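An overview of the molecular structure
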Amino acid sequence: QVQLEESGGGLVQAGGSLRLSCTVSGGTFSNYVGGWFRQAPGKEREFVGCVSWITYYADSVKGRFTISKDNAKNTVYLQMNSLKPEDTAVYYCAAGRHFRDTYSVPSAYDYWGQGTQVTVSS
C-alpha cells in the first residue's frame, strides 16, 4: 500500500522560506511523478508543480518555488522562497504512476498525502 507523508509546514513571515518534504512508503518515487498541490479555504485544490524527468510549475510560483526529488530517500521536496500571504494554504503531496499530459489536475495522480499547513503572515 502506497502512502505519502508530508512534513515541514508551519508559520512564516512574508519574504521567508520553507521546505516541504514528502516521503513515500510502499513504493518508490523513482517510478512515480511527484506533484505538489495546495488548497486555500473556500478555494479549489490548485497545482503548484510536479517533477518527472522535467519539472513543471504554476505561473504563480515560478521563480520562487523549486521541486526536487531524492530517489535514494524516496522523497520529493518543495523549496518555497519569497513567500507571500497568498501562498497560505494546505499543501498536498501527490504521486502518479504515469506522467500524464493533464499533470496540472488532481485526477492525474494516484496517491495523496494528508496535507500540511503553510501560513504566511504579512
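Up top is the structure these notes are about.
Residues numbered from 1 in each chain as written. Predicted model: local features only at pLDDT ≥ 70, side-chain atom pairs only at ≥ 80, totals over all residues. Heavy atoms only, no water.

Digging into the side chain of Asn74
Tracing the backbone through its elements, the reader meets Asn74 in the loop between strand E7 (65–70) and strand E8 (75–80). Accessibility expressed as a relative area gives 18% for Asn74, which makes it buried. At a separation of 3.2 Å, a polar atom in the side chain of Asn74 contacts the main-chain carbonyl oxygen of Gly27. In this structure, Asn74 is in contact with Cys22, Thr23, Val24, Gly27, Thr28 and Phe29, ignoring residues within four places of it in sequence. (Helix = DSSP H or I, 4+ residues; strand = E, 2+ residues; numbered from the N terminus. Buried < 20%, exposed > 50% of the residue type's maximum accessible area, 1.4 Å probe, protein only. Polar contact = N/O pair within 3.5 Å; in protein donor to acceptor, adjacent residues only side chain to side chain. Contact = heavy atoms within 4.5 Å.)

Quick word on the packing of aromatic side chains
For the structure shown, the criterion picks out 11 aromatic pairs. Geometrically, the ring pair formed by Tyr56 and Phe99 is stacked, given 5.7 Å between the ring centres and 20° between the ring planes. With Tyr56 in strand E6 (residues 55–57) and Phe99 in the loop between strand E9 (89–96) and strand E10 (111–112), this residue pair connects regions lying 43 residues apart in the sequence. Cluster of aromatic residues (ring-pair linked, three or more members): Phe37, Phe47, Trp53, Tyr56, Phe99, Tyr103, Tyr109 and Trp112. A cation over an aromatic ring shows up here: Arg45 above the ring of Tyr92, its NZ or CZ 3.7 Å from the ring centre. (Phe/Tyr/Trp six-rings, centres within 6.5 Å; stacked < 30°, edge-to-face > 60°. Lys NZ or Arg CZ within 6 Å of the ring centre and 35° of its normal.)

Brief notes about the pattern of salt bridges
By the definition in use, this model includes six salt bridges. For Arg38, the salt bridge is made with Glu46, and the minimal N-O distance between the two is 2.6 Å. Relative accessible area serves as the criterion here: at 5%, Arg38 is assigned to the buried category. Classification of Glu46 as partly exposed rests on a relative accessible area of 35%. Between Asp110 and Arg100 there is a salt bridge, and its shortest N-O distance comes to 3.7 Å. Taken together, the residues span a long stretch of sequence, with Asp110 in the loop between E9 and E10 and Arg100 in the loop between E9 and E10 at a distance of 10 residues. Residue Arg100 is classed as partly exposed on the basis of its relative accessible area of 26%. The structure contains a network of salt bridges with shared partners spanning Arg38, Glu46, Arg64 and Asp87. (Salt bridge = Lys/Arg side-chain N within 4 Å of Asp/Glu carboxyl O.)

Don't take any of this as a statement about function, it's just geometry.
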